[in-house]
Amino acid sequence: MRKISLLLLSLAIALSMFVAPAFADSWKDESGKFKNWEWQMYQSGDDFEMMQGKHGQKFLKQMQKQQKKAAKSMFKDIQKHWAMNDIQRVQNLGFISGYPDGTFKPNSSLTSAEAVAIAIRLADRLYGDLDIEEDFDEKYDVPHWARGAVMKANALHMINLNRFHSHVQASRAQVAVMLAKALKLEPVDTDDIPFKDGILIDKEDLGYILALYKEGYVRGASNGKFNPNSGITRAEFAAILARIADDLKENAPDKDDEDDGNTLTGTIDNLTNDEDNEDDWTIELKDGQEYDVDQDVKVYDVDGDEIDYWDLDEDNDEVVVLYLNDEDMVEEIYLAKTYEGTIEELDSDEITVDGDTFALPSDFDIEEYLIGSEVNVYVHDDEVLKIDVVEDEDDIVVSGEVYDVDEEDLEIEIEQVNGNRFTFDVDGNVEIVDEENGRSWDFNDIKEGWDVELELEDGEVVEITVVDGAEEADVYEGIIDDLDEDEITVDGDTFDLVEDFDIEDYIIGSEVKIYVYDGEVEEIDVLEDEDDITVPGEVDAINGDQWYITIEQDSGNEFTFDVDEDVVVEDEADEDDLDFNDIDTGWEVELALDNGDVEKIVVTDR
C-alpha cells in the first residue's frame, strides 16, 4: 500500500496550485510554453483560465468553489481582526501556523528567524526543496528548528549570515527584500521612489523593495511612508503572503513526477452517503476541497477491516486517507488511528506519545509543538498524518533549558531538547523549588542555562522546579552572631554577603540557614522555630502601658517586640532588681524571646 505523507495535505492540495505570473517567464521554453506543465495558462486581464489538460475544467471548478467558501477560522483570536481572511488563507496554504493554545497572535512581531522560515517555504514551493549540504557553523546563534531555512536563505543570497540576528525582530524592509529574492524578482530602477521616507532605506535593499511594491505585494502606510525599520506583525506578513497567493495558479506536477499526487490526507467536513443517491457520492475535507467518490469505493476502519461507505461519520472529525484513481475519483478510504496522550519526545523524524513512537513525514513542521502538551495524534501505516493539540492544557508540565527570563513582564522562555523555544507568562506568586539543592528561589534568581520543569495552569506558569544547572551551595545553620551590609557571622564563622544584599529583616540572635556560593552568601532562610532565642541591642523606645520595647542592633536594624507582663528584668552589671518601667533608652540589653514575645530582659550595660 502506498505510503502517506502529511505534506500532501498542506502542500500538494493547496500549494502546488500556484505559480506567480509576475515572474513566470523564467519557466517558459523557447516556444513560450510553460516547462513540464500538463496544463497551460494564458493571462486574460487579471484572471487566468485553464485551457488544456483532461482535468483542467474540473480543477478550476474546485478552486473557484474553494475561493467562494466562507472561511472557517481555526484561530480563536482573529475573528474580528482586519486580516482574518488573509490569515486563514495563508494558514490553509501552509505558510503560517498558529500556537498550541489555538491562537494566532496576529499583532505579535516576527523574529528574523521566523520570517526567514516562512520566506523559504515560499521559495521551496516555487523551485522545489533545495538540498543545501553546507554544514551549520555553531558560532551563529540560530535556533535548531530554523537552521535549515537560514542556510538555504544564505545560499540564495536572501540574507547575509554574518549580519543575521535570528532573535531580533524582523523589519518591514528585511521581510520585503527576503520575499523579493524568494520570488526571484530583479531590483528595479530607484530613481522614482514612492515613499516619503525612501532615504531611510538602504540602497542595496531599495531596488528589491520597489520590485515587490510594483507587483502590489507590499504597500506604504497611509501617511506615504514605508517605515522600513519598523517591525512587521504576523498579521501584516500574512496579508503580504495572501497578495502573493492571489497571483498564483496551478502548477501541476509532471506525469513522470515520482510524487504520488493521487493520495490525500484530511479531516472529513461533509459527505454524501445516501444509499439512494449513489450517482452523486462526494466527500469534502476541511481544507475546502471536494472529491467525487467511486461507487465501488473500498473503506477500511482503523484496524484495516473493510466497512461500508455510509459508516463514515462527518460529525466526528474523522481523519482519513484518500486514494484517487486516474479520474480523480476516490477509490479507497482509510480511517486513521487516533492516539491521545502527552508528548514525551519529539524531533524532526518521530514523536513519542505516552510510550508509543511514530514516524513523522519528511518536512513535518514540529516547531509549534510542545513536549509535555496533550495531543491527539492521527496515524496511518505507522506514520503520523496529523497532530491536534488538546485545548485544555491545565496542569501540564513542560521541561526545557532556560533561554531568557523577563523579570519585568514576568515571562520565561525555554528551549526544549528538539530546539523549539516557547515563552510563557509567569504567575506573580509562582513557587520555585530546587530539587538538587533543596532550596527556594525568587523568580529573579533564575539564570539562563538552568534545566527546569514548568507547571502550567491555563497556560500560565504557577510552579518552577529547578532540575539541574543551579550551582550547588554550601549550607550552614546556626545563630547570627554579627551582621552588617558586607558580612555575616554565624556560630563564629564569618562570610561575605553578595553585593546589595538586603539585611534589614534579619535579626542578630536568630537561627538561620545560609547558602554560600563561591564564598558569598546569596540567601538566608530564617528557621521557623524561634523559641528561646536571645536578641541583643540598644533600647531605642520602651512603653510600659502598651508593653513593647524597640531595640537597635549593631547592624542598624530596628525591631519592636511585645513584652510579656510577667517579664523578668535582670541587671547583669549591678545585679539590681529592676522593673520593666525602670529600663531607659540607650541601655544595652539582651531580649530572651518565647514565641516572639519578650519573657526576660538582661541589662548588659547602662
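Not measured: the values here are computed from a predicted model.

### A closer look at the overall build of the protein chain
Now for step 1: When helices and strands are counted, the protein chain shows eight helices and 29 strands.
Now for step 2: Contacts in the protein chain between residues at least 24 apart in sequence constitute 60% of all its contacts with a sequence separation of at least 6.
Now for step 3: With an accessible surface of roughly 31300 Å², the protein chain has 37% of that area assigned to carbon and sulfur atoms.

### Brief notes about the pattern of salt bridges
Now for step 1: Evaluated as defined, the whole model comprises nine salt bridges.
Now for step 2: Measuring nitrogen to oxygen at the nearest pair gives 3.7 Å for the salt bridge that ties D388 to K386.
Now for step 3: On the basis of relative accessibility, which here comes to 25%, the residue D388 falls in the partly exposed class.
Now for step 4: For E477, the salt bridge goes to K513, with nearest N and O atoms at 3.8 Å. Of this pair, E477 sits in strand β20 (residues 474–483) while K513 sits in strand β23 (residues 511–517), placing them 36 residues apart in sequence.
Now for step 5: Taking relative accessible area as the criterion, K513 reaches 23% and is therefore assigned partly exposed.
Now for step 6: Through salt bridges with shared partners, one network takes in R121, D365 and E367.

### Brief notes about the confidence of the model for the protein chain
Now for step 1: Averaged over the protein chain, the pLDDT score is 78; the fraction of residues at 70 or greater is 81%.
Now for step 2: Averaged over each element, pLDDT in the protein chain is lowest for strand β1 (residues 41–44) (28) and highest for strand β26 (residues 548–552) (95).
Now for step 3: Of the regions scoring below 50 in pLDDT, residues 1–73 engages in 165 contacts with residues more than four places distant in sequence or in other chains.
Now for step 4: The low-confidence segment residues 249–260 (pLDDT under 50) makes 31 contacts with residues lying over four places distant or belonging to another chain.

### Quick look at the sheet that holds β23
Now for step 1: Strands sit in the order β20-β21-β22-β24-β23 around a closed barrel of five strands; the barrel is mixed. Ignoring which end each strand starts from, the neighbouring axes of this sheet average 55° apart.
Now for step 2: Inspection of the sheet shows β20 paired to strand β21 (residues 487–490) by three bridges, in the antiparallel sense. Residue L483 lies in a different strand from β21, and its bridge partner there is I488.

### Points about the pairing of β21
Now for step 1: Where β20 folds back onto β21 in an antiparallel hairpin, the turn is made up of three residues.
Now for step 2: Of the pairings in the sheet, the one linking β21 to strand β22 (residues 493–497) comprises four bridges and is antiparallel in character. Bridge pairing links I488 to F495 in β22.
Now for step 3: Once β21 ends, the chain turns through two residues before running back antiparallel as β22, passing D491 with a positive phi of about 50°.

### A word on the sheet that holds strand β28 (residues 588–594)
Now for step 1: On the basis of which strands lie adjacent, the closed barrel formed by five strands has the order β25-β26-β27-β29-β28 and mixed pairing. Each adjacent strand pair in this sheet contributes to an overall mean axis angle of 60°, direction not counted.
Now for step 2: For β28 and strand β29 (residues 597–605), the ladder comprises seven bridges, and the chain directions are antiparallel. In the sheet register, V589 faces β29, and the bridge partner there is V603.

### What about the nonpolar core?
Now for step 1: Membership of the largest hydrophobic core comes to 62 residues, with the highest contact counts inside it found for V116, L179, L212 and F237.
Now for step 2: With 10 residues, the top contributor of residues to this core is helix α4 (residues 112–127).
Now for step 3: In this view, L179 contacts A119, L122, L212, F237, I240, L241 and I244; residues no more than four positions away in its chain are not counted.
Now for step 4: V398, I412, I414 and V461 belong to the second largest nonpolar core, which has 26 residues in total.

### A short note on the environment of F495
Now for step 1: Secondary-structure assignment places F495 in strand β22.
Now for step 2: C-alpha separation for the pair F495 and V521, spaced 26 residues apart in sequence, amounts to 6.7 Å.
Now for step 3: Contacts of F495, omitting those with residues within four sequence positions, involve Y476, D486, E487, I488, I514, V516 and V521.

### Overview of empty space enclosed by the protein
Now for step 1: According to the stated counting rule, one finds two cavities of 30 Å³ or more in the structure shown.
Now for step 2: For the largest cavity, the calculated volume is near 90 Å³.
Now for step 3: Here the residues of the lining of the largest cavity are counted per class, giving four nonpolar, one polar and five charged.

The rules we used
- Residues numbered from 1 in each chain as written.
- Predicted model: local features only at pLDDT ≥ 70, side-chain atom pairs only at ≥ 80, totals over all residues.
- Heavy atoms only, no water.
- Helix = DSSP H or I, 4+ residues; strand = E, 2+ residues; numbered from the N terminus.
- Contact = heavy atoms within 4.5 Å.
- Areas by Shrake-Rupley, 256 points an atom, 1.4 Å probe, with all protein chains shown as cover.
- Salt bridge = Lys/Arg side-chain N within 4 Å of Asp/Glu carboxyl O.
- Buried < 20%, exposed > 50% of the residue type's maximum accessible area, 1.4 Å probe, protein only.
- pLDDT = per-residue confidence, 0-100.
- Pairing = 2+ DSSP bridges.
- Axes fitted to C-alpha atoms, helices over the stretch in contact; angles between N-to-C directions.
- Core = buried A, V, L, I, M, F, W, Y, C linked by side-chain atoms within 4.5 Å.
- 1 Å grid on protein atoms, 1.4 Å probe; cavity = no way out; pocket = protein on both sides within 12 Å on 5 of 7 lines; lining within 4 Å.
- Points joined across faces, edges and corners; volume = space filled by probe spheres on them.
- Nonpolar A, V, L, I, M, F, W, Y, C, P; charged D, E, K, R; others polar.

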